[in-house]
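So you can see what is in the structure, the chains are spelled out below.
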Amino acid sequence: MKTVGFAGTAKNTGKTTTALHVLQAGKEAGLRLALTSIGYDGENRDNVTGLPKPRYTLQPGMLVATGSTCLRSSTAIVRAIEETPIHTIFGQVVVGEVTYPGTVLLAGPNRSSDLQHVFDIFTSLGCNLALVDGALNRLVPMTCVDGLVLSTGAAFDQRISHVVEHAGALLRLLRMPVIRDEVPVNSGLWVEFKDQTSCVLGYGSLIGKNLLDTLLRTLIAPVKKIYIPGACDPHLLKLLIDQKADLLRGALMLFRSPLHLVASGDPLLWKEIFPLLEATDIQPSSLQTPQVFFMTVNPFYPRYLDRNGMYEAAYVDKRELLAAACNRISEIPVLDIFQPPFPDVISLINYFAELPDVTRSLC
Amino acid sequence: MKKVLLAPLDPVHDNAVKLLKRKLSEAGYDAIAMRPGTTSEEVIEKALEERPIAILVSRTLGYKVAETLGRLVDLAEASGLREMTRLGVGGMAITKETGGELGFDACFTGELNMTEVLAFLEGKPVGLQTAGNAVAERQKPNIVQGFTYAFKDKEIETLLDGIVDQILEWVKGKTSPGIERAKLRAEMLAEGISLRSPAKVSLTQQRLREQYLALCDDTIRAFYLTDKLPAGVRWLAAAEIEAMENLLGSAKARYSPLRHVGEKPLFFSQYGTGCPVMDVMHIKVAEAWGVDGVLHFDPSWGAQCEGLLEGYLSHEHDGTILTLENLKFIRHAQEPATLWNVRGHRGLNTPETQVLGHAAGADLFKINIPYGSTAGGTDPQRLTVDGVYSLRLAAEYGIPFDIPGNDELSGVPPFKTFAGILIMVALGLKLGAKPIPKPLLCYSPYMTIYGRMDDNMIDMNIAKLMVWREIVDAPVWPGEPVGFMTHSPERVQSSMMTAVHAALASSMGVDAVTIASSDEAYSKGPISAAARVDTLRAVRDALRFQGSVQLTPTPRALTLADEIHDGICEVLKTVAERGDFVASICEGLLGNEEDGLYPGRIGAGTVSGGRL
Ligand code: B12
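Predicted, not measured: the structure shown is a model, and the values here were computed from it.

**Looking at the overall build of chain A**
Helix and strand counts for chain A stand at 10 helices and 18 strands. Here the C-alpha radius of gyration of chain A, 22 Å, is about what a compact globule of 363 residues would show, namely 21 Å. Along the first, second and third principal axes, the C-alpha set of chain A runs to 65 × 50 × 40 Å. Taking all 363 residues of chain A together, 60% fall into the buried category.

Given below as structure tokens:
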């Protein structure tokens with residue numbers, strides 16, 4: 001089974017539309033499909049802008065994992081197959097099969113360990129392709145998907161240059177080199193010195209001044225490898241490098257997943273960190289990362305109207321947006337699903353998923 | 001001690017966090033509160049140091065909620081915290097949808113509910129299930145418990161004794177089609193027979209059917225013989241009934257009493273939209289907003305027609321048709337602890353209504369002979385015979401009955417209405433039943449015409465409640481509903497008036513109160529569910545405002561109470577002297593034409609046996 005997560009840089013960037021597009025393509029390809037969400041998706045209208053939102057409409061035979069109370073508010077009829085032990089705000093997560101077509105309200109597992117549990121059930125039910133609807137600002141639970149489809153566009157920022165700049169930075173972060181390395185399981189922040197000694201701290205994240213201070217006190221000899229499994233604040237990382245550049249020079253800086261870094265700071269902030277690492281000859285890598293299958297750009301944005309306090313649908317120049325994005329991003333396909341070219345999204349997902357992790361290079 | 005981290009992710013608003021800190025400390029937790037203006041990073045940093053079992057976030061400001069809070073959940077997961085620390089969120093800006101979208105484990109909306117918070121901290125699922133358990137544990141209240149029914153006013157007791165003896169003497173040997181049908185209906189229930197049973201007709205069924213139909217009006221007979229439904233009545237479809245079943249299976253009302261302190265009064269509201277399905281929805285709404293009991297209102301024509309229908313029937317006008325199926329359907333939908341009153345106090349089917357009500361699980365009946373046999377009601381002879389029989393049934397079933405004093409709405413002064421209620425109290429007691437007097441708190445025509453409430457509405461209402469405490473040790477249940485004739489079509493005004501009346505009654509230590517919906521007087525059709533919520537909300541806050549404060553009656557209230565008390569004695573004396581209860585009603589001793597009362601005529605000449 002392939003698992004794909006759909007994530008947007010902001011609300012209204014077209015995440016659901018993209019996922020619906022992949023669902024449709026998967027159906028036409030005869031795949032057994034499944035859908036879940038790490039957040040909540042179900043309004044017909046956006047609760048801020050009041051503008052209509054696309055809804056997940058599922059066909060018979062598709063699998064779905066959602067909160068038990070959501071099933072009652074869906075127009076699709078879903079035959080429950082398995083009740084998971086996962087509790088959410090919308091009740092216990094239930095895995096079921098659609099028996100009558102209609103919309104579904106999605107509110108699935110919100111932690112990666114729970115998402116993995118749902119994937120296992122999908123697999124046991126013969127699913128070929130599982131789609132995970134992401135939530136605004138929330139990428140970390142996606143650590144367990146095979147790959148991501150990112151959506152960005154004018155709803156993130158109406159300046160096209162800024163949209164592509166940000167997308168480029170995000171992609172760069174996500175395509176950090178992956179290495180297989182021996183690290184203590186469930187450990188805290190772990191440092192291996194060049195003299196073969198090592199030490200483990202009681203916490204795994206570099207977040208907050210106190211934790212930085214403890215780390216600074218720990219770094220007393222040249223470092224061979226530093227492993228930060230949790231969150232990592234880019235500002236603190238910069239302070240760390242500034243103060244311990246000599247000891248860190250040439251070290252391997254290992255993160256568990258770049259998704260943790262996205263959670264810890266804006267990609268544009270991280271973009272400034274990479275040259276700093278390069279200059280200090282520090283090699284950033286991660287233990288795992290989902291691939292990024294492709295990216296979609298969406299010219300739509302909700303425009304606020306001063307005269308009546310309402311929103312209206314507005315668009316930036318769609319050709320300009322797509323061209324600028326393709327120009328800036330060459331590593332993965334970029335598409336606007338309503339503009340040519342119309343590549344086969346299923347093959348995009350399959351093709352890249354076959355590539356072994358290690359062959360991908362730092363972009 | 002288990003640690004809980006409290007984080008106001010808000011630039012200034014942290015009062016809720018401080019409140020939570022106190023409540024959690026009292027519950028034995030080590031609650032660590034952060035300052036307003038704290039960032040997500042700081043919260044996670046603190047959590048990594050303290051390793052709390054949960055982080056509870058509060059957010060008040062309604063803008064940039066997702067941006068501010070979304071970060072926290074992802075950071076918590078990235079830093080590995082989520083495996084042992086659960087994340088909860090609450091506050092004015094938070095909806096269930098936001099909480100879900102942001103990936104929190106629990107979301108607390110509305111007012112702080114510590115039971116839910118503690119359940120969450122103990123690792124139990126929050127919400128539906130917890131609420132369901134709480135509901136299951138709730139005991140059904142008993143309004144009459146603890147009352148001795150001893151008369152404190154011995155003069156009144158003696159007068160009532162004489163009146164009651166006369167009534168019981170008079171009904172001896174008498175019967176009516178209503179009583180005979182009640183007997184047949186009881187036999188049918190015992191045999192498991194219904195008049196419409198499609199299965200093979202047994203001899204018993206045939207006999208019961210013939211006997212029953214002989215005692216019915218044409219409309220009812222046509223229903224059984226030719227399947228003709230009365231005007232405005234239709235069958236409920238099986239799909240409608242099933243859909244309701246499914247809906248109820250999934251929704252559980254979360255009971256939260258209207259009372260701020262204490263166990264009394266219990267709050268009741270009436271339903272009777274005509275459609276049992278709609279009734280159930282109304283009941284569920286009322287339960288969810290804290291009602292303790294509901295009263296079934298049947299169509300007005302149902303009271304004027306000999307015989308009752310059968311089956312699941314919907315009616316397009318006001319009042320829900322009394323059939324065993326309708327009643328059971330409605331009872332089944334109620335929470336187990338909800339008190340259910342089936343009224344049968346004024347019509348030709350009064351005795352049979354008690355039989356069906358009992359079979360469907362009623363907790364309370366409503367019977368008032370003087371009221372039911374005036375103001376367009378039943379013939380006094382007929383209702384006296386039927387009423388006594390009904391009281392015997394109430395006693396046999398052990399079901400208390402209430403006695404509404406709504407004759408005041410016609411213009412009867414309170415002392416006459418109360419005299420009638422007292423006769424019903426004494427009659428019920430003599431027959432072994434448990435009566436509940438229901439003085440009406442209203443701005444009645446009598447008060448308007450004679451200017452008795454021109455200055456304020458408190459003194460008279462207090463007097464009307466006080467007088468009951470002076471006379472007999474019985475529960476008091478102002479109704480029906482309180483504040484009647486003070487309501488206007490404006491929902492805010494209407495809710496306000498209901499709330500102040502309910503609060504006044506509560507401060508007088510009454511046992512139950514019936515409240516209207518805010519559109520009850522002016523709905524021009526079935527009342528709306530939203531209007532029910534209006535008054536339930538208003539009452540809740542009026543009680544919150546008042547707490548356990550008790551009112552001290554003003555000198556004027558005391559004078560008015562004396563006046564009513566004396567008036568009652570006078571009325572009872574004349575009724576006793578008249579030596580004929582039915583004649584007393586007909587001659588207006590309990591309310592005459594000047595008071596707006598006329599003896600009822602429906603069912604006249606239908607009483608048989610005994611000495612007429
Ligand atoms: C007190 C108050 C303040 C105080 C705050 C003091 C403090 N230390 O908290 C002060 C004066 C500082 C203040 C300032 C502002 N305020 Co102010 N404030 C209020 C006010 C009057 C009461 C809020 C309150 O404390 N309620 C009492 C607490 C206990 O109740 P609660 O927060 O509702 O929480 C309850 C539940 O929600 C629940 N709960 C809450 N959180 C959680 C969390 C969990 C886990 C759980 C289980 C439960 C739970 O439990 C509580 C008890 O039931 C409200 C209006 C109102 N009537 O509500 C406006 C209000 C919140 N403020 C408002 C605003 C706009 C501001 C300002 C931004 C105004 C301005 N433009 O300057 C400024 C802030 C400036 C800034 N720097 O950003 C608006 C918010 C509007 C919106 N929709 O966003 C409100 C609604 C007033 C209004 N109608 O305009 N404010």
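**Examining the site of the ligand**
Residues and elements named next belong to chain B. Contacts to the ligand come from 22 residues, most closely from His 13, Asp 14, Asn 15, Ser 58 and Gly 62. Gly 91 is positioned such that a nitrogen or oxygen atom in its backbone is 3.3 Å from a nitrogen atom of the ligand. Secondary structure elements with two or more residues in the shell around the ligand: α1 (15-26) and β3 (54-58). At four residues, α1 tops the list of elements feeding residues into the shell around the ligand. Broken down by class, the residue content of the shell around the ligand amounts to 12 nonpolar, eight polar and two charged.

**Focus: the packing of aromatic side chains**
Applying the stated rule across the entire model yields 13 aromatic pairs over all chains. Ring geometry for A:Phe255 versus A:Trp270: centroids 6.4 Å apart, planes at 80°, classification edge-to-face. A residue pair is termed long-range when its members are at least 10 positions apart, and A:Phe255 in strand β13 (residues 252-255) and A:Trp270 in helix α8 (residues 267-279) qualify at 15 residues. With relative accessibility at 1%, the residue A:Phe255 sits in the buried group. Here B:Phe365 and B:Tyr397 contribute two aromatic rings whose centre-to-centre distance is 6.4 Å and whose plane-to-plane angle is 70°, an arrangement assigned as edge-to-face. Residue B:Phe365 is located in strand β11 (residues 364-366), and its partner B:Tyr397 is located in helix α17 (residues 380-397); the two are separated by 32 residues in the primary sequence. A connected cluster of aromatic rings, assembled from ring pairs, spans B:Tyr212, B:Phe223, B:Tyr224 and B:Trp235.

**Description of the coordination of the cobalt atom of the ligand**
Of all protein atoms, B:His13 (NE2) alone acts as a donor to the cobalt atom of the ligand, lying 2.2 Å away. Among the secondary structure elements, B:His13 is positioned in the loop between β1 (3-8) and α1.

**Notes on the domain arrangement of chain A**
All names here are of chain A. According to the domain assignment, chain A consists of domain 1 (2-175 + 290-359) and domain 2 (190-286). Here domain 1 and domain 2 have C-alpha centroids that lie 32 Å from each other. Taken together, the contact between domain 1 and domain 2 spans 14 residues of the former and 14 residues of the latter. The contact between domain 1 and domain 2 buries some 1300 Å² in all, and 80% of this surface belongs to carbon and sulfur atoms. Of all residues in domain 1, Val 140, Arg 172 and Leu 173 bury the most surface against domain 2, accounting for 43% of the area lost on that side. Linking domain 1 with domain 2 are two salt bridges. Measuring nitrogen to oxygen at the nearest pair gives 2.3 Å for the salt bridge that ties Glu 165 to Lys 271.

**Some points on the sheet that holds strand β9 (residues 147-153) of chain A**
Two pairing modes exist for strands in a sheet, parallel and antiparallel, and in both the strands are linked by backbone hydrogen bonds. Residue and element names in this part refer to chain A. Pairing is mixed across the open sheet formed by nine strands, whose spatial order is β5-β6-β4-β2-β8-β1-β9-β15-β18. Of all strands in the sheet, those with a lone pairing partner are β5 (77-88) and β18 (334-335), marking the two edges. Where strand β2 (residues 33-37) lies against strand β8 (residues 129-133), five bridges are found, and the strand directions are parallel. When the bridges of β8 are listed, Ser 37 appears paired with Asp 133. Against the sheet, helix α4 (residues 160-174) touches β9 and β15 (291-298), its axis set at about 165° to β9.

**What about helix α8 (residues 177-191) of chain B?**
Residue and element names in this part refer to chain B. Taking 1.5 Å as the rise per residue, α8 with 15 residues should run 21 Å; its terminal C-alpha atoms sit 21 Å apart, in good agreement. Turning to α8, its buried residues number three or more, namely Pro 177, Gly 178, Ile 179, Arg 181, Ala 182, Leu 184, Arg 185 and Met 188. Those residues of α8 that are buried are in contact with α9 (203-214), α10 (218-226), α15 (350-360) and α17. One or two steps after α8, the chain reaches Gly 192, where phi turns positive at roughly 70°.

**Regarding the interface of chain A and chain B**
On the side of chain B, 32 residues touch chain A, which itself brings 38 residues to the contact. Note on chain A versus chain B: buried area summed over both sides is about 2800 Å², and carbon and sulfur give 54% of it. Inspection of the region where chain A meets chain B yields one salt bridge. Two residues, B:Glu101 and A:Lys11, come together in a salt bridge whose shortest N-O distance is 4.0 Å. Joining chain A to chain B, the criterion identifies 14 residue pairs in polar contact (both at pLDDT 80 or more). When contributions to the side of chain A that touches chain B are tallied by element, the ones reaching two or more residues are α2 (68-72), β5, α3 (112-124), α5 (209-218) and α7 (258-264) of chain A. Each residue belonging to the side of chain A that touches chain B can be placed in one class, and the counts come to 15 nonpolar, 16 polar and seven charged.

Basis of the calculations
- Residues numbered from 1 in each chain as written.
- Chains lettered and ligands numbered in written order.
- Predicted model: local features only at pLDDT ≥ 70, side-chain atom pairs only at ≥ 80, totals over all residues.
- Heavy atoms only, no water.
- Helix = DSSP H or I, 4+ residues; strand = E, 2+ residues; numbered from the N terminus.
- Rg over C-alpha atoms; globule rule 2.2 N^0.38 Å.
- Buried < 20%, exposed > 50% of the residue type's maximum accessible area, 1.4 Å probe, protein only.
- Near = heavy atom within 4 Å.
- Polar contact = N/O pair within 3.5 Å; in protein donor to acceptor, adjacent residues only side chain to side chain.
- Nonpolar A, V, L, I, M, F, W, Y, C, P; charged D, E, K, R; others polar.
- Phe/Tyr/Trp six-rings, centres within 6.5 Å; stacked < 30°, edge-to-face > 60°.
- Donors = N, O, S within 2.8 Å, 3.2 Å for Na, K, Ca; no water.
- Domains from an automatic or database assignment.
- Contact = heavy atoms within 4.5 Å.
- Buried area = accessible area lost by both parts, 1.4 Å probe.
- Salt bridge = Lys/Arg side-chain N within 4 Å of Asp/Glu carboxyl O.
- Pairing = 2+ DSSP bridges.
- Axes fitted to C-alpha atoms, helices over the stretch in contact; angles between N-to-C directions.
- Expected span 1.5 Å × (residues − 1).

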